[in-house]
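# Summary of the model geometry
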Amino acid sequence: MIFTKEPKKIRVMFTPFRDGLQSSFGGKVRLKDILPAMEFAAHEAGIRHFEFGGGARYQAPYFYVGEDPFECQDKMREAVGPDCDLQILTRSVSGVTLTTQALPALTLQAQMMAKHNTTWDRNFDFMNDVENLVKTGQPIVDAGMHHQVCVSMMGLPFADDKVHTPEFYIDVVRRLLKSGLHFDSLCMKDASGTTDPLTVYKTAKGIREILPPEVLLWQHSHDTASTAVAQYMAGIEGGVD
């Protein structure tokens, strides 16, 4: 059970229909096999925010199941109704593809995602390259989507006082704020699931202190090391929304 010392309402984004499918099946799943569950989640379970595209759910439909991911996104919107937020994941200069893209291609990608029912775009650079995040984040803003920029986190198998420390992550956010790039929320993203809870807590606390109050602080972790619940408890205690 996740709890805090003071009552706090936590916003949740439901990940099984993109990240879950990617983690379990490489995203190689036909739409007809998941759409009933997605419809149930929206209309019966009350889920209002879904991850529904990007990542492997862009390549896998084309490569493996003969489906168009944009058509899938349209049908997902029909299933959940008009009021749910639908989110994609993009990988900085790679966008939703498997190789580096030029900015015109990333601009077209953002326009296509917005056209096909995406309301939020979570954009991360695994090297925390702020220049890349600025260049690839602007098309998301220009397309009218909610722009969620990421700080990429991970644990190291050895002690290091220069990288992957709370101050290292907080400095990434300082540079993002200094750049002038507009972002609606910021995500502490641990794709490896290896960051220790104390680092999560100190990072969340430090970021919340410098982040404008209207900017949501988000957290996302995989559970590779079976510490995700502890990470989330630490993050919420540190100020995650």
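Since the structure is predicted, the reported quantities are computational estimates derived from the model, not experimental observations. (Residues numbered from 1 in each chain as written. Predicted model: local features only at pLDDT ≥ 70, side-chain atom pairs only at ≥ 80, totals over all residues. Heavy atoms only, no water.)

## Focus on a nonpolar patch on the surface
Together, Tyr62, Phe63, Tyr64 and Leu98 make up a nonpolar patch on the protein surface, roughly 490 Å² of accessible area in all. In this fold, Phe63 is placed in helix α3 (residues 56-65). For Phe63, a relative accessible area of 55% corresponds to the exposed category. (Patch = residues over 30% accessible without salt bridge, like charges linked within 9 Å, V, L, I, M, F, W, Y side chains within 5 Å. Areas by Shrake-Rupley, 256 points an atom, 1.4 Å probe, with all protein chains shown as cover. Salt bridge = Lys/Arg side-chain N within 4 Å of Asp/Glu carboxyl O. Helix = DSSP H or I, 4+ residues; strand = E, 2+ residues; numbered from the N terminus. Buried < 20%, exposed > 50% of the residue type's maximum accessible area, 1.4 Å probe, protein only.)

## Some details on unusual backbone geometry
Look at Asn128: it is not a glycine, yet its phi comes out positive at around 55°. Here Asn128 is to be found in the loop between β3 (120-123) and α6 (130-142). Its relative accessible area of 5% is what places Asn128 among the buried residues. Positive phi, close to 60°, is recorded for Ser226, a residue that is not glycine. For Ser226, the location among the structural elements is in the loop between β6 (216-221) and α9 (228-238). Ser226 gets classed as exposed once you look at its relative accessible area, which sits at 62%.

## A few points about the side chain of Thr136
Here Thr136 lies in helix α6. At 2.8 Å, the side chain of Thr136 forms a polar contact with the side chain of Asn123. Setting aside residues no more than four positions away along its own chain, Thr136 makes contact with Ser92, Val93, Leu106 and Asn123. (Polar contact = N/O pair within 3.5 Å; in protein donor to acceptor, adjacent residues only side chain to side chain. Contact = heavy atoms within 4.5 Å.)

## Examining the environment of Glu167
On the secondary structure map, Glu167 appears in helix α7 (residues 166-179). The sequence separation of Glu167 and Lys202 amounts to 35 residues, and the corresponding C-alpha distance is 8.6 Å. Polar side-chain contacts of Glu167 include one of 2.6 Å to the side chain of Arg174.

## Thoughts on the pattern of salt bridges
Counting across every chain of the model gives ten salt bridges. Between Lys135 and Glu131 there is a salt bridge whose closest N-O contact spans 3.1 Å. With a gap of four residues between them, Lys135 and Glu131 both fall in helix α6, about one helical turn apart. A salt bridge links Asp171 to Arg175, with the shortest nitrogen-to-oxygen separation between them at 3.3 Å.

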